[in-house]
Amino acid sequence: MESAHIQTVSSLQKRGYFYVEPESRRIKVYRLPEDVHSFIGKLTKLAARKNCDKIIIYVRPHSKEEAAVKKLYYQYEGGIEGFFRGSDTKIYADFLQPSRNEPDPANVIAQVKEMNIKPQAKEESLALGYKMKWAKEKNSNELANLYRKVFSKYPTPIHDPHYLEKLLREDTYFSLIYKDEQLVSACSADIFSKFEAAEFTDCATLPPHRGKGLLSYQYLKLEEKMRELRIRMMFSYTRAKSMGMNIVAARQGFTYGGCMIKNSMIGSGLEDMNIWYKSLGG
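Overview of the structure. (Residues numbered from 1 in each chain as written. Predicted model: local features only at pLDDT ≥ 70, side-chain atom pairs only at ≥ 80, totals over all residues. Heavy atoms only, no water.)

Let us look at the overall build of the chain. Each helix and strand in the chain was counted, giving eight helices and 12 strands. Here the chain has a C-alpha radius of gyration of 19 Å; the compact-globule value for 282 residues is 19 Å, and the two agree. Along the first, second and third principal axes, the C-alpha atoms of the chain reach 60 × 40 × 40 Å. Counting the 282 residues in the chain, one finds 51% classified as buried. Across the chain, the fraction of contacts at a sequence separation of at least 24, relative to all contacts at a separation of at least 6, is 66%. For the chain, the exposed surface amounts to about 13500 Å²; the carbon and sulfur share of it is 49%. Computing the positive centroid from 44 side-chain charges and the negative centroid from 34, the chain places the two 1 Å apart. (Helix = DSSP H or I, 4+ residues; strand = E, 2+ residues; numbered from the N terminus. Rg over C-alpha atoms; globule rule 2.2 N^0.38 Å. Buried < 20%, exposed > 50% of the residue type's maximum accessible area, 1.4 Å probe, protein only. Contact = heavy atoms within 4.5 Å. Areas by Shrake-Rupley, 256 points an atom, 1.4 Å probe, with all protein chains shown as cover. Lys, Arg positive; Asp, Glu negative; His and termini not counted. Charge placed at Lys NZ, Arg CZ, Asp CG, Glu CD.)

Shown next as structure tokens:
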């Protein structure tokens with residue numbers, strides 16, 4: 001646990017201890033100050049003010065942080081190996097409303113495990129007639145338009161071109177797939193620089209172009225880019241009821257790490273998200 005000289009919640013937020021994510025009514029905590037009990041008490045009050053009913057905390061296994069979180073009766077949801085600059089993390093959550101802590105029985109993970117999917121050999125070719133390029137700021141409008149067509153709801157404001165421009169100026173790489181000059185698929189790798197990790201996310205493909213391996217191809221290219229940037233590991237939160245995305249994760253050599261209950265506002269509402277991770281070495 002880190003000692004924080006200024007113990008106000010707002011100052012700790014500015015210093016990256018936690019993030020309020022109103023779209024999904026959650027707060028994510030990546031660092032804990034020395035006085036955990038006081039901090040969590042203040043955070044719970046902030047959650048009520050911000051209409052957030054889930055608090056998620058990432059801690060190192062067998063640490064003082066984990067012991068403190070357990071004493072507060074947080075619920076274990078999963079883990080990601082190598083998340084903190086090569087060190088593992090465990091993910092705990094507090095549900096401030098009982099209705100938030102109701103797992104979706106439609107989770108496909110049991111079926112995916114039964115398939116015993118083996119990592120596929122790397123494919124270097126796209127389906128005939130498709131081409132890929134890296135996004136630039138000028139692509140933000142068509143990218144936002146793609147996301148509007150695929151997602152009615154999403155945890156982050158990817159329907160907003162200005163938000164996408166901001167991501168493209170920072171540590172996020174978007175891959176774009178075109179068919180006859182039309183943008184039909186996209187993915188991103190969102191880099192967590194201080195953790196030397198990257199999230200494989202924002203995956204979308206228009207319905208007529210699904211089943212052609214477009215997401216798998218983009219993942220391979222994003223992984224190559226992350227290796228060039230010396231990122232240690234990649235992780236992904238996939239919709240628990242999406243057979244396609246969970247199969248993509250398994251085929252790309254990701255390891256299942258657990259399920260985060262009613263974690264993200266996406267599709268029809270708050271959905272369970274399965275945790276997947278993959279070491280890139282380093």
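Turning to the environment of Pro105, a few remarks are in order. As for its position among the elements, Pro105 is in the loop between β5 (87–95) and α4 (109–115). When the C-alpha positions of Pro105 and Leu222 are compared, they lie 32 Å apart, and in sequence the two are 117 residues distant.

By the alternation rule, side chains of strand β2 (residues 26–29) split into Arg26 and Lys28 and Ile27 and Val29, which are all buried. Direction of pairing for strand β1 (residues 18–21) relative to β2: antiparallel, over a ladder of four bridges. Within β2, the position partnered with Glu21 by the bridge is Arg26. Connecting the antiparallel pair β1 and β2 is a turn made up of four residues, with Arg25 showing a positive phi of about 50 degrees. Relative to strand β3 (residues 54–59), β2 runs parallel, the two being bridged by four bridges. Residue pairing across strands places Lys28 opposite Ile56, the latter belonging to β3. A crossover connection joins β2 to the parallel β3 through helix α2 (residues 36–49); in handedness this β-α-β unit is right-handed. (Pairing = 2+ DSSP bridges. Right-handed = clockwise from strand over helix to strand, strands pointing away.)

Our next topic: empty space enclosed by the protein. Counted according to the given criterion, the structure contains one cavity of 30 Å³ or more. In this structure, the largest cavity occupies an estimated 30 Å³ of space. In this structure, the largest cavity is lined by Phe200, Ser236, Thr238, Met245, Val248, Ala249 and Phe254. The residue inventory of the lining of the largest cavity, partitioned by class, reads five nonpolar, two polar and no charged. (1 Å grid on protein atoms, 1.4 Å probe; cavity = no way out; pocket = protein on both sides within 12 Å on 5 of 7 lines; lining within 4 Å. Points joined across faces, edges and corners; volume = space filled by probe spheres on them. Nonpolar A, V, L, I, M, F, W, Y, C, P; charged D, E, K, R; others polar.)

This part covers the pairing of strand β12 (residues 269–279). With 10 of 11 residues buried, β12 is to be regarded as a mostly interior element. In the sheet, strand β10 (residues 233–239) pairs with β12 via seven bridges, with the strands oriented antiparallel. Its bridge partner lying in β12, Thr238 is registered against Asn274. Sheet topology places strand β11 (residues 255–266) next to β12; eight bridges connect them, and they run antiparallel. Residue pairing for β12: Ile266 is matched across the bridge by Gly269. Remark: two residues form the turn of the hairpin made by β11 and β12, two consecutive strands paired antiparallel; Gly267 in that turn has positive phi of roughly 65 degrees.

Applying the stated criterion across every chain yields a total of 21 aromatic pairs. Cation over ring: Lys90 sits above Tyr76, and NZ or CZ is 5.7 Å from the ring centre. One residue, Lys225, lies across the ring of Trp134, its end atom 5.3 Å from the ring centre. (Phe/Tyr/Trp six-rings, centres within 6.5 Å; stacked < 30°, edge-to-face > 60°. Lys NZ or Arg CZ within 6 Å of the ring centre and 35° of its normal.)

Below, the discussion takes up the environment of His162. In this fold, His162 is placed in helix α6 (residues 161–169). Judged by its relative accessible area of 58%, His162 is exposed. With 49 residues separating them along the chain, His162 and Lys113 place their C-alpha atoms 39 Å apart.

Let us now look at the packing of helix α5 (residues 140–150) against α6. Here α5 crosses α6 at 120 degrees, and the two axes come no closer than 8 Å. The angle between α5 and α6 falls in the class oblique. Every pair of crossing elements has a handedness; the one defined by α5 and α6 is right-handed. Side by side, α5 and α6 meet where Ser140, Asn141, Leu143, Ala144, Tyr147 and Arg148 of the first sit next to Pro161, Leu164 and Glu165 of the second. Tallied by class, residues from the contact of α5 with α6 come to five nonpolar, two polar and two charged. (Axes fitted to C-alpha atoms, helices over the stretch in contact; angles between N-to-C directions. Parallel < 35°, antiparallel > 145°, perpendicular 65-115°, else oblique. Left-handed = near helix turned anticlockwise from the far one by under 90°.)

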